[in-house]
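# Descriptive analysis of the structure
Below are the chains, spelled out letter by letter.
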Amino acid sequence: MNDIGASFVAVETAPTPHGIAEGARISVIMVVYMTGEALEQSLACVLDDRQVDEFIVVDNGSDAREAAILDAYAERYPRMRLVRGQGNVGFARGANLGAARAAGEVLIFLNPDAFLQPGGSRALAKAVLDGKAMRLVGGRVLNADRTEQRGARRGEITPMAALLSLSGLTRRASLRRYEVHWENEAAPAGLCPVPTISGAFFAMRRADYVRVGGFDEGYFLHVEDIDLCWRVREAGGEVMFHPKAEVIHLGHTSRASPLRVELYKGLGLARYFRKRAHGLGEAVAAWLLWPLVVGAAVARPLLWRLTGRAI
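Keep in mind that this is a model prediction, so the values were computed, not measured.

So, on to the overall build of the protein. When you go through the protein residue by residue, the secondary structure sums to 10 helices and 11 strands. For the protein, buried positions account for 53% of its 311 residues. Accessible surface computed for the protein: about 14,400 Å², of which carbon and sulfur atoms make up 54%.

Structure (structure tokens):
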């Protein structure tokens, strides 16, 4: 292990649930692009988990250093398979490419700057397979200090909620009812339904993922997880949050431009609201709001650069 992640991995293996269907295989899918220093530790955490039968890494265009790291791990661990040659096609399409090559009954999607904690993969797999209907289960995403990270469990994402949240106005008492992020609420004792989870760490049955069409490749980066949760619920499925399945997610390790990342987030939200619009009135409102949504998203990194404080 390198130093960046050594202190973030549990010393003792957490108790893991039993009763996963015999022969059920777990495939972990990771999309990699300019990840930075967290990559090697993230790979090691997955490969240290003996519950993971297959590890598919989709390389969306690593530099020579990261490509060498990926090659070394793939050569050492037969369970790891590399998908390359497509260039930077975005997260959604990259994830779909990985899913298409997966053999596992359960697919677990994991960010390359997230450190899988002991028992996490098995807990998600059991929760997915225990569901009678289509089920998408997100895990608990933690900061390095083990506080819950923003975005791991969220309410319904609406245009008003998105604008107020992106602008930071939900910190005002009169507007807190519009806050969609629930990380400051007490963690549930067990598996529970939520409208939206984080794409940094979640699982679905492969058959269900295929049934809903996987990620919508119209999103390049961000919001594809919100869209997938909505489509699962629209199809009669369940979106669940599992507080015992954990990852440590560093975030902000990518060498990609923060301004570009936030631009993709704003464009993704605008597209999501247009997609969800019912009737002419909502469609017109979604088109009129998209400059505000994109502007609020882009303003975040700009204000951080100017003031040194995030919204």
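Once you've had a look at it, read on.
Their axes nearest at 10 Å, the elements helix 2 (residues 39-47) and helix 3 (residues 64-76) cross at an angle of 15°. As summarised for this structure, helix 2 and helix 3 are arranged roughly parallel, according to the angle between their axes. As helix 2 runs across helix 3, the sense of the crossing is right-handed. Facing Leu39, Glu40, Leu43, Ala44 and Leu47 of helix 2, the residues of helix 3 in contact are Glu66, Ile69, Leu70 and Tyr73. Grouping the amino acids of the contact of helix 2 with helix 3 by side-chain chemistry returns 7 nonpolar, no polar and 2 charged.

It is worth spelling out the environment of Ala207 at this point. Relative to the helices and strands, Ala207 is located in helix 7 (residues 206-211). Linking Ala207 and Val106, residues 101 residues apart in sequence, is a C-alpha distance of 8.6 Å.

For the structure shown, the criterion picks out 10 aromatic pairs. Where Phe109 meets Phe202, the ring centres are 4.9 Å apart and the plane angle is 15°; that geometry is what we call stacked. Of this pair, Phe109 sits in strand 4 (residues 106-110) while Phe202 sits in strand 10 (residues 201-205), placing them 93 residues apart in sequence. For Phe109, a relative accessible area of 1% translates into the label buried. Take Phe202: its relative accessible area is 1%, and that puts it in the buried class.

Within the element layout of this structure, Ser62 appears in the loop between strand 2 (54-59) and helix 3. Owing to a relative accessible area of 16%, Ser62 belongs among the buried residues under this scheme. A distance of 2.8 Å separates a polar atom in the side chain of Ser62 from a polar atom in the side chain of Asp59. Discounting chain neighbours no more than four positions away, the residues touching Ser62 are Val32, Ala67 and Leu70.

Now for the pattern of salt bridges. Per the stated rule, a full pass over the model turns up 18 salt bridges. Among the ionic pairs, Arg84 bridges to Asp59, the shortest N-O distance being 3.0 Å. Taken together, the residues span a long stretch of sequence, with Arg84 in the loop between strand 3 (80-83) and helix 4 (91-100) and Asp59 in strand 2 at a distance of 25 residues. Here Asp71 makes a salt bridge to Arg84, at a shortest N to O gap of 2.6 Å. With Asp71 in helix 3 and Arg84 in the loop between strand 3 and helix 4, this pair connects stretches of sequence that are 13 residues apart. What makes Asp71 partly exposed here is its relative accessible area of 36%. Accessibility expressed as a relative area gives 38% for Arg84, which makes it partly exposed. Connected via shared salt-bridge partners are Asp216, Asp227, Arg231, Arg271 and Lys275.

Cut-offs and rules
- Residues numbered from 1 in each chain as written.
- Predicted model: local features only at pLDDT ≥ 70, side-chain atom pairs only at ≥ 80, totals over all residues.
- Heavy atoms only, no water.
- Helix = DSSP H or I, 4+ residues; strand = E, 2+ residues; numbered from the N terminus.
- Buried < 20%, exposed > 50% of the residue type's maximum accessible area, 1.4 Å probe, protein only.
- Areas by Shrake-Rupley, 256 points an atom, 1.4 Å probe, with all protein chains shown as cover.
- Axes fitted to C-alpha atoms, helices over the stretch in contact; angles between N-to-C directions.
- Parallel < 35°, antiparallel > 145°, perpendicular 65-115°, else oblique.
- Left-handed = near helix turned anticlockwise from the far one by under 90°.
- Contact = heavy atoms within 4.5 Å.
- Nonpolar A, V, L, I, M, F, W, Y, C, P; charged D, E, K, R; others polar.
- Phe/Tyr/Trp six-rings, centres within 6.5 Å; stacked < 30°, edge-to-face > 60°.
- Polar contact = N/O pair within 3.5 Å; in protein donor to acceptor, adjacent residues only side chain to side chain.
- Salt bridge = Lys/Arg side-chain N within 4 Å of Asp/Glu carboxyl O.

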